[in-house]
Amino acid sequence: MESAQNRPQARPLAAARPSRPLGGEIRVPGDKSISHRALMFGALSLGETRIAGLLEGEDVLRTAAAMQALGASVERDGDEWRVTGRGIGGLVAPDDVLDMGNSGTAARLLCGVLASHDIFSVMTGDASLRGRPMRRVIEPLSACGAVFTARVGGRLPLAIQGARDALPLSYRLPVASAQVKSAILLAGLNARGVTEVEEPEATRDHSENMLRHFGAEVTVSAHGKTRHIALRGQPELRGADVLVPGDPSSAAFPIVAGLLVPGSSLVLNSVGLNPLRTGLLDSLREMGAKLTIRNPSVQSGEPIGDIVVEYTALAAIDVPPERAPSMIDEYPILAIACALANGTSRLRGLAELRVKESDRLAATAAMLRAGGVRVEIEGDDLIIHGAAQQPGGGVVETHMDHRLAMSALIFGQVTANPMTIDDSRFIDTSFPGFVALMQSLGARITAPNRRPAMIG
Ligand code: S3P
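Calculation notes
Residues numbered from 1 in each chain as written. Predicted model: local features only at pLDDT ≥ 70, side-chain atom pairs only at ≥ 80, totals over all residues. Heavy atoms only, no water. Domains from an automatic or database assignment. Contact = heavy atoms within 4.5 Å. Buried area = accessible area lost by both parts, 1.4 Å probe. Salt bridge = Lys/Arg side-chain N within 4 Å of Asp/Glu carboxyl O. Nonpolar A, V, L, I, M, F, W, Y, C, P; charged D, E, K, R; others polar. Helix = DSSP H or I, 4+ residues; strand = E, 2+ residues; numbered from the N terminus. Expected span 1.5 Å × (residues − 1). Buried < 20%, exposed > 50% of the residue type's maximum accessible area, 1.4 Å probe, protein only. Polar contact = N/O pair within 3.5 Å; in protein donor to acceptor, adjacent residues only side chain to side chain. Axes fitted to C-alpha atoms, helices over the stretch in contact; angles between N-to-C directions. Parallel < 35°, antiparallel > 145°, perpendicular 65-115°, else oblique. Pairing = 2+ DSSP bridges. Near = heavy atom within 4 Å. Areas by Shrake-Rupley, 256 points an atom, 1.4 Å probe, with all protein chains shown as cover. Phe/Tyr/Trp six-rings, centres within 6.5 Å; stacked < 30°, edge-to-face > 60°. Core = buried A, V, L, I, M, F, W, Y, C linked by side-chain atoms within 4.5 Å.

1. Re the domain arrangement of the protein
Interfaces are often described in size by the accessible area the parts lose on coming together.
Here's step 1: One can read the domain layout of the protein as domain 1 (13-30 + 245-446) and domain 2 (32-231).
Here's step 2: Facing the 27 residues of domain 1 at the interface are 28 residues of domain 2.
Here's step 3: Of the roughly 2,300 Å² buried where domain 1 meets domain 2, counting both sides, 51% is carbon and sulfur surface.
Here's step 4: Taken as a group, L276, P325 and T429 account for 24% of the area that domain 1 buries against domain 2, more than any other trio of residues on that side.
Here's step 5: Our count for the domain 1 to domain 2 interface comes out at three salt bridges.
Here's step 6: E357 is the salt-bridge partner of R132, the closest N and O atoms lying 3.8 Å from each other.
Here's step 7: When grouped by side-chain class, the residues that make up the side of domain 1 that touches domain 2 number 10 nonpolar, seven polar and 10 charged.

2. Concerning helix α1 (residues 32-43)
Here's step 1: If you check α1, its first and last C-alpha atoms are 17 Å apart, about what 12 residues at 1.5 Å a residue would give, namely 16 Å.
Here's step 2: Judged by how many residues are buried, α1 sits mostly within the fold: 12 of 12 residues are covered.
Here's step 3: Of the residues making up α1, those classed as buried are K32, S33, I34, S35, H36, R37, A38, L39, M40, F41, G42 and A43.
Here's step 4: N-capping of α1 is provided by D31, with a side-chain oxygen placed 3.0 Å from the backbone N of S33.

3. Topic: the packing of helix α6 (residues 178-188) against helix α7 (residues 206-213)
Between two packed helices, what matters for the description is the angle formed by their axes and the separation of those axes.
Here's step 1: Between α6 and α7, the shortest axis-to-axis distance is 9 Å and the interhelical angle comes to 30°. The pairing of α6 with α7 is recorded here as roughly parallel in orientation. Across the interface between the two elements, K181, S182 and L185 from α6 touch S207, E208 and L211 from α7.
Here's step 2: The class makeup of the residues in the contact of α6 with α7 is two nonpolar, two polar and two charged.

4. Digging into the side chain of S430
Here's step 1: Of note, S430 is situated in the loop between β23 (419-421) and α13 (434-440).
Here's step 2: On the accessibility criterion, S430 (0% relative accessible area) is buried.
Here's step 3: Beyond its immediate sequence surroundings of up to four residues, S430 is in contact with K32, L55, S250, H402, R403 and M406.

5. What to know about the sheet that holds strand β3 (residues 48-52)
Here's step 1: The strand order across the open sheet formed by four strands is β4-β5-β3-β14, and the pairing between neighbours is mixed. The sheet is open, and its two borders are formed by β4 (73-77) and β14 (241-243), each paired with just one other strand. Direction aside, neighbouring strands of the sheet carry axes that sit 20° apart on average.

6. A few points about the site of the ligand
Here's step 1: Near the ligand, the surroundings consist of K32, S33, R37, T105, S177, A178, Q179, R204, I328, D329 and K356.
Here's step 2: S33 has a polar side-chain atom sitting 2.7 Å from an oxygen atom of the ligand.
Here's step 3: Between an oxygen atom of the ligand and a side-chain N or O atom of R37, the distance comes to 2.7 Å.
Here's step 4: Protein coverage of the free-state accessible area of the ligand, which is 380 Å², stands at 95%.
Here's step 5: Broken down by secondary-structure element, the contributors of at least two residues to the shell around the ligand are α1 and α6.
Here's step 6: No other element matches the three residues that α1 contributes to the shell around the ligand.

7. Here's the deal with the packing of aromatic side chains
Two descriptors summarise a pair of aromatic rings, namely the distance from one centre to the other and the angle between the planes of the rings.
Here's step 1: Taken as a whole and judged by the stated rule, the model has three aromatic pairs.
Here's step 2: Note on F253 and F434: the rings are 6.1 Å apart at their centroids and 80° apart in plane angle, and the pair reads as edge-to-face. Of this pair, F253 sits in helix α8 (residues 248-260) while F434 is found in helix α13, placing the two residues 181 residues apart along the sequence. In this structure, F253 and F434 share a single accessibility class: buried.
Here's step 3: Geometrically, the ring pair formed by F431 and F434 is edge-to-face, given 5.2 Å between the ring centres and 70° between the ring planes.

8. A word on the environment of S424
Here's step 1: On the secondary structure map, S424 appears in the loop between β23 and α13.
Here's step 2: The class of S424 is buried, set by a relative accessible area of 10%.
Here's step 3: Once you skip the residues sitting within four places of it in the chain, S424 turns out to touch R11 and L13.

9. Brief notes about the nonpolar core
Here's step 1: The biggest cluster of nonpolar side chains holds 73 residues, and the ones touching the most others in it are I255, L268, L284, L334, L347 and F434.
Here's step 2: The contacts of L334, once residues within four sequence positions are left out, are L280, S283, L284, M287, V319, M327 and L347.
Here's step 3: Among the nonpolar cores identified, the runner-up in size contains 67 residues, and V60, I184, L211 and V218 belong to it.

10. Side note on unusual backbone geometry
Here's step 1: In this model, L156 is joined to P157 through a cis peptide bond whose omega is -5°.
Here's step 2: Turning to its location among the elements, P157 is positioned in strand β9 (residues 155-161).
Here's step 3: Phi is positive for Q234, close to 50°, though the residue is something other than glycine.
Here's step 4: When you line up the elements, Q234 lands in the loop between β13 (226-232) and β14.
Here's step 5: A relative accessible area of 40% means that Q234 is categorised as partly exposed.
Here's step 6: The residue S270 is not glycine, and still its phi comes out positive at about 50°.
Here's step 7: Relative to the assigned elements, S270 resides in strand β15 (residues 265-272).
Here's step 8: On the basis of relative accessible area, S270 is assigned to the buried category, the value being 15%.

Here it is as structure tokens:
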């Protein structure tokens, strides 16, 4: 994997304790998952889709560019984005490689779209994405008749010849992954008959909600923990208006900062509160966090609300493995909360973290160690020995992973000595404006005095 050493343009940052509590009322950028899906469903619909609050992060802009390369019209119109779609089965072959940058969601969901279009395409990504497993979508999608040719180990770059007459799939997910589920459903849009997905544990259901919003027939039934999703193929999707809520995974950073910096009080407006995304809020509440929801409502089929955060001295937590799908992207920032909580926390069942933008399990442990925290990895569990004071003073290698970079900058707000990160550029993939927004709340984030000595 690329390291910061061979990226001379890397942008290090330092974070230090602010002199005052954090305070203010903010809005975090739009939800990344919903933004990708709004662009894709818009491109697969007939007529116009207007999207308000789209996340203009690099990951989502890759999806916008890919949809354009596949023949849809995608343009910014004032504060909104307008997509004029080509209808199901109507996408055209791109005349160049589709580069999905750092985004696993964009790459995997697009594999689903391309699998049931009779066109040839080639997909690649940055060094992080080229290292991530694609077999989890290639294998099930091949059964619809698409032919995928991947680099060794099922990695990008990937050549895709979509099926001429795609067969509907019936698939039980071996891992809890909303990306894999969504890829199968997207392929099923252009297959005759009913596509079925069974998930052993519920994962985020934005695809199901949005499919309905665009006019598809989707049924969901639950049998214990298992969910069964059925989609009737070849519906006529109609362009729709989508209002994208604030991303709860982005809200996680100011929320934890507000809980940890003594005396802080924050309000985050219009954050998505889909119950399949709120595992972090549940965990923080179990740790004693003072979090209140105000003005709950439903917007484009998704629950939203304002979150009020007040500083609280937190207690350690034992997080069960079944909570992982509802907070899969929030473990690095939860780990920071645990490092400052009283007692030993155990975060269980984190195998999936090993295949995120980085090996997030190892990288989260390394981040904590760089700040002087005692941590262990036991199997797939992360054990963190928390204390009200942590020394800090270290350099964190972020491995092209936006969520590690942001977590480490929040960590530096509460450690005795500043924390430094080797590269902040990847923050823009999901949270453009993160540093300025945190500074507006009173956080101390600056360019480091000198370039950090690189580790490894
Ligand atoms: C996402 C699903 C999650 C998550 C990712 C976004 C989605 O991945 O980590 O950031 O939009 O479907 P998995 O479902 O593969 O765990």
